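A look at the structure
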Amino acid sequence: MALQMDSRISIVFGLTLLLEVSGLLPEIGRANLIQQANAKTPEAEAAIVNEFEQKLLNMFGLTRRPTPNRDNPIPRIMQHLYKAHMADAYDGPHSLMSTWEPGFDLPHESITSKTNTARSYHHLESEEQFEGLPENHIRLVFNISSLPSRERLHFSELLLHRQAVREHLDAESRDRLHRINLYEIIKIVDEANDDEKTLQKFDMDKEQARLLRMVRRRRRKFGKSARKKSAITRLLDTRVLNTSNTTWERFDVSSSAMRWLNEPNHGLVVEIIDERTGEPVTTVSKNHVRLRRNADNGVDPEQWRHYQPLLLAYTHDGEPKTSLSRRIRRKRKANRRRKSKRRNCKRHKLYVDFKDVNWDDWIVAPHGYDAFYCSGNCPFPLAEHMNATNHAIVQTLVNAVEPVLAPMPCCVPTELGAISMLYLDELDLVVLKTYQEMTVNACGCR
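Throughout, a residue's number is its position along its own chain's written sequence, starting from 1. Reporting of local features is limited, given that this is a predicted model, to residues whose pLDDT is at least 70; pairs of side-chain atoms are given and counted only at 80 or more, and all residues count toward the totals for whole chains, interfaces and linings. The side-chain figures draw on all heavy atoms in the structure; neither hydrogens nor water molecules are used.

1. Focus: the overall build of the protein
Which entries qualify depends on this criterion: Comment: elements are numbered from the N terminus, with helices defined as DSSP H or I runs of at least four residues and strands as E runs of at least two. To be clear on the numbers: accessible area is Shrake-Rupley with a 1.4 Å probe, and residue cover counts the displayed protein chains and nothing else.
On a plain count of helices and strands, the protein comes out with eleven helices and 15 strands. About 25200 Å² of surface is accessible on the protein, with carbon and sulfur atoms providing 51% of the total.

Pasting the structure below:
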């Protein structure tokens with residue numbers, strides 16, 4: 001008996017840990033789910049809750065419940081993207097910025113119509129520089145390896161804020177026109193490794209090879225003919241800009257991002273040239289585009305983070321009837337039903353508040369949405385406004401003649417709509433995604 005009790009305690013403890021890790025289902029929801037399922041054993045309870053939570057995770061495309069770091073602000077670009085996508089179709093409560101980002105909008109309809117997800121990536125600050133990279137070059141490496149394999153990448157763009165470029169320059173260079181050259185790094189050549197390949201190409205004895213290696217080590221040690229890394233690059237884009245204008249510059253890097261999914265990702269390089277002289281600009285030492293705020297530049301640290309370079313990846317997960325195209329508000333038909341028919345099949349109000357289900361810490365917008373539900377009778381004869389199928393009409397007739405042969409038709413959703421959400425996923429990436437069949441648009445008898 002004691003062994004059984006210990007086993008039961010162990011299973012319950014394990015279930016508690018599972019729920020704490022996943023946590024998509026609120027405590028009261030777990031209790032009600034177990035009660036409704038009438039589970040007889042702790043194992044059955046664990047299986048029921050686990051199955052339901054797994055369905056929730058699959059629905060959102062998550063592997064576990066997000067636990068966002070609130071110290072990282074939501075990029076204004078992603079807030080702008082959400083608002084631009086929703087357009088006039090969104091009137092729910094939110095805590096997004098009230099302003100718009102200059103120089104940015106939804107991509108062209110040819111892109112948004114083929115995608116239903118957008119993710120933002122910050123570059124890896126630890127990879128900004130390597131020995132041998134000129135001062136007027138900034139390396140940007142974006143790790144997109146976490147992109148779900150079931151999603152297809154259609155478009156990707158690099159966003160650079162002109163203010164970020166301006167802060168990279170010294171005071172004398174800031175008020176001039178500058179040319180920005182964007183390169184993809186195809187390969188990084190480590191010249192030290194190339195030395196070994198060179199030694200293998202020539203027929204020399206061990207003593208000669210040892211002496212040659214010793215000479216090269218001494219040269220590197222004392223700074224003579226130092227062997228450094230060098231990058232093999234290809235030009236992606238070039239443009240002239242005035243850094244005094246505070247706006248975003250957008251660069252199409254789709255081909256590079258698609259290559260990174262299957263090949264080594266060495267990142268991008270941004271080169272800044274003085275357009276007047278054609279010479280490399282004079283930069284502020286160790287003040288790269290990563291936007292580490294200077295104490296004397298007068299920019300609030302919180303605001304400064306929003307100027308960081310971003311890579312946006314636009315994908316589609318294969319779910320039909322979902323896209324990032326600009327939304328248009330649906331026009332509801334007037335309800336002309338008579339009062340005596342109010343118990344008949346129709347759509348009812350149901351508002352899902354994400355705070356009530358403890359999802360408000362990772363869902364940024366909206367705070368909730370109108371899900372609606374269908375309920376009501378399907379009496380004989382079925383009226384036209386009940387949106388009944390031919391099968392439902394026949395079933396109603398059979399039920400009216402001989403009730404034991406067939407039940408009355410049921411009131412169910414006949415048209416479902418999608419909603420869009422801006423949220424933080426389990427990797428702390430900011431995601432804009434459209435989910436199908438989340439709200440009831442119409443009801444009928446089936």
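Read on for the rest.
2. Some details on the sheet that holds strand 14 (residues 411-424)
Just so we agree on the cut-off: For two strands to count as paired, DSSP must find a minimum of two bridges between them. Fitted lines through C-alpha atoms serve as axes, helices being fitted only where they are in contact, and the angles separating the N-to-C directions of these axes extend from 0 to 180 degrees.
With antiparallel pairing, seven strands are arranged side by side in an open sheet as 6-3-8-1-15-14-11. Of all strands in the sheet, those with a lone pairing partner are strand 6 (248-252) and strand 11 (363-365), marking the two edges. Taken over all neighbouring pairs, the strand axes of this sheet differ in orientation by 30° on average, direction set aside.

3. Observations concerning the state of the cysteines
Keep this limit in mind: Any two cysteine sulfur atoms within 2.5 Å of one another count as a disulfide. Per-residue accessibility, obtained with a 1.4 Å probe over protein chains only, is compared with the maximum for each type, and a residue is labelled buried under 20%, exposed over 50%, and partly exposed between these values.
Counting across every chain of the model gives three disulfides. Through a disulfide, C374 is tied to C443; the S-S separation comes to 2.0 Å. Sign of the S-S torsion, about -85° for the bond between C374 and C443, identifies this disulfide as left-handed. Residue C374 is located in strand 13 (residues 373-375), and its partner C443 is located in strand 15 (residues 430-445); the two are separated by 69 residues in the primary sequence. The disulfide partner of C378 is C445, and the gap between their sulfur atoms is 2.1 Å. Judged by the sign of its S-S torsion, about -95°, the cystine formed by C378 and C445 is left-handed. Taken together, the residues span a long stretch of sequence, with C378 in the loop between strand 13 and helix 11 (390-401) and C445 in strand 15 at a distance of 67 residues. C445 shares its class with C378; the two are buried. Taken in sequence order, the bonded cysteines of the protein link in the pattern 1-4, 2-5, 3-6. This cysteine, C410, is not joined by any disulfide, and C378 carries the nearest cysteine sulfur, 7.2 Å off.

4. Thoughts on the pattern of salt bridges
Using the following cut-off: By definition here, a salt bridge exists when the distance from a side-chain nitrogen of Lys or Arg to a carboxyl oxygen of Asp or Glu is within 4 Å.
Counted by the stated rule, this structure contains 15 salt bridges. Here E184 ties to R259 by a salt bridge, and the two come within 2.6 Å at their closest N and O atoms. Separated by 75 residues along the polypeptide, E184 in strand 4 (residues 177-190) and R259 in helix 9 (residues 254-260) bring together distant segments of the chain. In this structure, a network of salt bridges that share partners links the residues R119, E151, D317 and K433.

5. Topic: the nonpolar core
This is how it is decided: Only buried Ala, Val, Leu, Ile, Met, Phe, Trp, Tyr and Cys residues count toward a nonpolar core, and they belong to the same one when joined by side-chain atoms within 4.5 Å. What makes two residues a contact is simply this: any of their non-hydrogen atoms within 4.5 Å.
Counting 25 residues, the largest nonpolar core has L81, Y314, L422 and L432 as the members making the most contacts within it. Counting residues per element, the ones that place at least two in this core are helix 4 (76-86), strand 3 (152-161), strand 8 (310-316), strand 11, strand 14 and strand 15. Per-element tally for this core: the top contributor is helix 4, with six residues. Among residues more than four places away in sequence, those in contact with L432 are M78, L81, Y82, H85, N116, T117, A118, L324, S420, M421 and L422.

6. A few points about helix 2 (residues 27-37)
Condition: Arc, as used here, means the arc of the directions from the helix axis to the C-beta atoms.
Burial in helix 2 covers these residues: R30, L33 and I34. Down the axis of helix 2, the buried side of the element spans an arc of 95°, and every buried residue falls inside it. Helix 2 presents I28, Q35 and Q36 as exposed residues on the side facing more than 90 degrees away from its buried surface.

7. Regarding the pairing of strand 2 (residues 137-140)
Side chains of strand 2 alternate between two faces, with H137 and R139 and I138 and L140 buried alike. Taken together, the four bridges between strand 2 and strand 7 (residues 268-274) define a ladder with antiparallel strand orientation. Each residue of the ladder has a partner; that of H137, found in strand 7, is E271.

8. Re the environment of S149
Mapped onto the elements of the fold, S149 is located in the loop between strand 2 and strand 3. In this structure, the C-alpha to C-alpha distance between S149 and L261, residues 112 residues apart in sequence, is 9.4 Å.

9. Digging into the packing of aromatic side chains
The condition that has to hold: Pairing of aromatic rings covers Phe, Tyr and Trp, the last through its six-membered ring, and needs centres within 6.5 Å; plane angles under 30 degrees mean stacked, over 60 mean edge-to-face, and all others mean tilted.
Summed over all chains, the structure comprises nine aromatic pairs. With a centroid separation of 5.5 Å and 90° between ring planes, the pair formed by F60 and W362 is classed as edge-to-face. Of this pair, F60 sits in helix 3 (residues 42-60) while W362 sits in the loop between strand 10 (351-353) and strand 11; the two residues are 302 residues apart in sequence, bridging distant segments of the chain. Ring plane angle 35° and centroid distance 6.5 Å describe the contact between Y423 and Y435, whose orientation is recorded as tilted. Residue Y423 is located in strand 14, and its partner Y435 is located in strand 15; the two are separated by twelve residues in the primary sequence. The two residues Y423 and Y435 agree in class, both being buried. Pairwise contacts between aromatic rings join F60, F354, W359, W362, Y369, Y423 and Y435 into one cluster.

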